[in-house]
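Secondary and tertiary structure notes
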Protein chains: 2
Amino acid sequence: MGKLLIVGSIAFDEIETPFGKTGKILGGAATFIGLAASQFKVELGIVSVVGEDLPKDYLDLLSERGVDISGVEVIKGGKTFYWKGKYHNDLNSRDTLITELNTLGEFNPIVPENFKDADVVMLGNLHPNIQLSVMDQMKVRPKLTILDTMNFWMNNTWDELMQIISRIDVITINDEEARQLTEEYSLVKAAAKIQEMGPKYVVIKKGEHGALLFHEENVFFAPALPLEEVFDPTGAGDTFAGGFAGYITEARNVSFESLKNGIIQGSNLASFCVERFGTERMLDLKKQEVNQRLRQFKELTQFNIELT
Amino acid sequence: MGKLLIVGSIAFDEIETPFGKTGKILGGAATFIGLAASQFKVELGIVSVVGEDLPKDYLDLLSERGVDISGVEVIKGGKTFYWKGKYHNDLNSRDTLITELNTLGEFNPIVPENFKDADVVMLGNLHPNIQLSVMDQMKVRPKLTILDTMNFWMNNTWDELMQIISRIDVITINDEEARQLTEEYSLVKAAAKIQEMGPKYVVIKKGEHGALLFHEENVFFAPALPLEEVFDPTGAGDTFAGGFAGYITEARNVSFESLKNGIIQGSNLASFCVERFGTERMLDLKKQEVNQRLRQFKELTQFNIELT
């Protein structure tokens, strides 16, 4: 069975959308990535840090789904990373109301011995130095290393970001961030420039407008499934990444064809994530529902034109 | 051979983009629709109106491509519809600087006798009364009637617009217009509401984010081909519509599968249109180039996931 190591935050999220608001609920990149990846037959481990205030139930939700949480450090007397945000009416933009890094501010990741030979490493959005530290702890070069990042690190830790980007295989980034990283408006040109920085594969996430996979001269596109209602976009990008990484790890295949399927699997799972607040939908998601929606993805995109 | 009747403007366009500006060049919905549809083996006729100021060369460009222009009225001493616009840096929005309706303001469409039994009718963006008049002149009910419209007619001629919408089979409309027409933000809900107004098929154009085809419970999506450079978006929507209508007319098949292929063919041709100013690229487009890019569309979207 393929082994997937996930590094990222476990957090308290507090969310307001036009449809309602939550109290403090379970969130964080590693949580969403882990829940999505747990849909696949893989050995899963998370490296993260939380405070003593995180309910034990939350970590249990992960371990019940077969996630190895021995790499999740619980800091005595510490507080868990806390994010509060409010979405605008179109759900395409949001205001961050509160960010308290708490224990995440001093996060010193320790990769458990049994995950130092992971086949795939998914580096969730974090300080590049944390991502670099994880890479340095691996005993065997992973078959595929996937990096997620965001504009904050471009603005504040450019040199460290360039260092980690030069060492990974796949970067996942949104369209605006790809433009900022390369100063190219065209995503085709931006993806080419990013490949020169190191990654062989560039995944550009366009939210409700789908995702693009670039590799050399090849481009693949997966739309987001058109939904009647998007309830809460929180975690959709991480769920996408988790589905992508989980599929590739299960398939034990890092070819372009395999990554294409990963993009579809990630988009598919993300379409569930946005249907309810936070992790709610992902926690009760059945394999049968996943497969049924994959069929919808096929119907949405597959055609048959005879070329003359 | 299938017969396609196109009704729409023939115009002078004057365009400014971040890459340069033109003088008065050939434009107009019927022009772009006709050039795109002329890529297919169909009998093509245009109903339009122009002034005496339109160079004869411009109409020759259409008739040389097999377009029957006997339905294009030339008004003695009249001036041709003139539009001048300037695109913003991202090419996604533009300011209209000048609109002179001229002869188009009094357009009284006369369908030539030999097109009153057209298989497919493409009603380009015009006053709904003009579109209704064309429908009334048809001797045989067309196998498919396609309507393009825009927000201007929603704001100014709601009742007439509702009348024409209730009588056609396919509406093509952009995302913002679909939302305005239905007061639904979700495009899935908007498309369902529009189907209740009459059209069996709803095509929602999202510009660089592709196009959706809705029919009952079915949805199909075609992305726009990711391009290194978009030079001038003018006419892309009409080129899309022309490729869509042209393909369906050639195929002599109005099933959902056929319309799906039409969406791909339209997207494919639109990807050429934006590569140069105005009609420039469409005028020298070779079948071989079209087919090669269709192959790119397949590579961009087709995948193979085994469902368990």
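Residues numbered from 1 in each chain as written. Chains lettered and ligands numbered in written order. Predicted model: local features only at pLDDT ≥ 70, side-chain atom pairs only at ≥ 80, totals over all residues. Heavy atoms only, no water.

Naming follows an unreviewed UniProt entry, where chain A appears as Sugar kinase of Flagellimonas allohymeniacidonis.

Where the parts come together, the accessible area they lose is often given as the size of the interface. Contacts between the two partners involve 36 residues from chain B, matched on the other side by 36 residues from chain A. Around 3700 Å² of area is buried between chain B and chain A when both sides are counted, 56% of it from carbon and sulfur atoms. Looking at the side of chain B facing chain A, the largest losses of area belong to B:F303, B:I305 and B:L307, adding up to 19% of the total buried there. Across the contact surface, chain B and chain A share 2 salt bridges. The partner of A:E229 in a salt bridge is B:K189, and the shortest N-O contact between them spans 2.9 Å. At the junction of chain B with chain A, the criterion picks out 20 residue pairs in polar contact (both at pLDDT 80 or more). Those elements that place two or more of their residues in the side of chain B that touches chain A are α7 (187-197), β14 (218-222), α9 (256-273) and α11 (287-301) of chain B. Take the side of chain B that touches chain A: its biggest share by element is 8 residues, from α11(B). Its residues assigned to classes, the side of chain B that touches chain A comprises 16 nonpolar, 10 polar and 10 charged. (Contact = heavy atoms within 4.5 Å. Buried area = accessible area lost by both parts, 1.4 Å probe. Salt bridge = Lys/Arg side-chain N within 4 Å of Asp/Glu carboxyl O. Polar contact = N/O pair within 3.5 Å; in protein donor to acceptor, adjacent residues only side chain to side chain. Helix = DSSP H or I, 4+ residues; strand = E, 2+ residues; numbered from the N terminus. Nonpolar A, V, L, I, M, F, W, Y, C, P; charged D, E, K, R; others polar.)

Looking now at the relation of the copies chain B and chain A. The operation relating chain B to chain A is a screw motion whose rotation component is 180 degrees, with 0.0 Å of axial translation and a residual RMSD of 0.0 Å. The transformation relating the two chain copies, once decomposed into turn and shift, fits a two-fold axis. The residues that chain B uses at the interface reappear at the interface of chain A in 100% of cases, marking a shared surface. (Least-squares fit on C-alpha atoms with pLDDT ≥ 70 in both.)

Here A:T172 is to be found in strand β11 (residues 170-174). Within the structure, the side chain of A:T172 is placed 2.9 Å from the side chain of A:D148, a separation counted as a polar contact.

UniProt's feature table lists "domain: Carbohydrate kinase PfkB" (unreviewed entry) at residues 20-282 of chain A, given in the numbering used throughout. Secondary structure content for residues 20-282 of chain A is 37% helix and 25% strand, while the C-alpha to C-alpha distance between its ends is 19 Å. (UniProt positions renumbered as here; feature names shortened; annotations may be inferred.)

The next subject is the sheet that holds β11(A). Residue and element names in this part refer to chain A. The sheet built from 9 strands is open, its strands ordered β6-β5-β1-β9-β10-β11-β12-β13-β14 with mixed pairing. With one partner strand each, in any of the chains shown, β6 (67-75) and β14 (218-222) form the two edges of the open sheet. Going from strand to strand, the sheet's axes swing by 15 degrees on average, the running direction of each strand aside. Relative to strand β13 (residues 211-215), strand β12 (residues 201-205) runs antiparallel, the two sharing 4 bridges. Bridge assignment links V202 to a residue of β13, and that residue is F214. (Pairing = 2+ DSSP bridges. Axes fitted to C-alpha atoms, helices over the stretch in contact; angles between N-to-C directions.)

Residues and elements named next belong to chain B. Phi is positive for L91, close to 65 degrees, though the residue is something other than glycine. Here L91 lies in the loop between β7 (82-87) and β8 (94-100). The phi angle at E183 is positive, at roughly 55 degrees, despite the residue not being glycine. Checked against the element boundaries, E183 lands in the loop between α6 (175-182) and α7. The class for E183 is exposed, based on a relative accessible area of 73%. (Buried < 20%, exposed > 50% of the residue type's maximum accessible area, 1.4 Å probe, protein only.)

Another aspect to go through is the sheet that holds strand β1 (residues 3-7) of chain B. All names here are of chain B. Across the sheet, which stays open at both edges, the 9 strands sit in the order β6-β5-β1-β9-β10-β11-β12-β13-β14 with mixed pairing between neighbours. With one partner strand each, in any of the chains shown, β6 (67-75) and β14 form the two edges of the open sheet. Across the sheet, the mean angle separating the axes of adjacent strands is 15 degrees when strand polarity is ignored. The pairing of strand β9 (residues 120-123) with strand β10 (residues 144-148) spans 4 bridges and is parallel. Bridge pairing in β10 links L123 to L147. Where helix α2 (residues 56-63) meets the sheet, its contacts fall on β5 (43-51) and β6, and the angle it forms with β6 comes to roughly 155 degrees.

This part covers the pattern of salt bridges. Residue and element names in this part refer to chain A. If you walk through the whole model with that rule in mind, you get 48 salt bridges over all chains. A salt bridge links D60 to K56; its shortest N-O distance comes to 3.0 Å. You can see D60 and its partner K56 sitting in helix α2 (residues 56-63), 4 residues apart, about one turn around the helix. In this structure D60 comes out as partly exposed when scored by relative accessible area, which is 22%. A residue is classified by how much of its surface remains accessible, and K56, at 62% relative accessible area, is exposed. The closest approach of N and O atoms between R293 and E275, which form a salt bridge, is 2.7 Å. Taken together, the residues R293 in helix α11 (residues 287-301) and E275 in the loop between α9 (256-273) and α10 (280-283) connect sequence positions 18 residues apart. If you follow the salt bridges from partner to partner, you end up with E275, R276, E280, R281, D284, E289 and R293 in one network.

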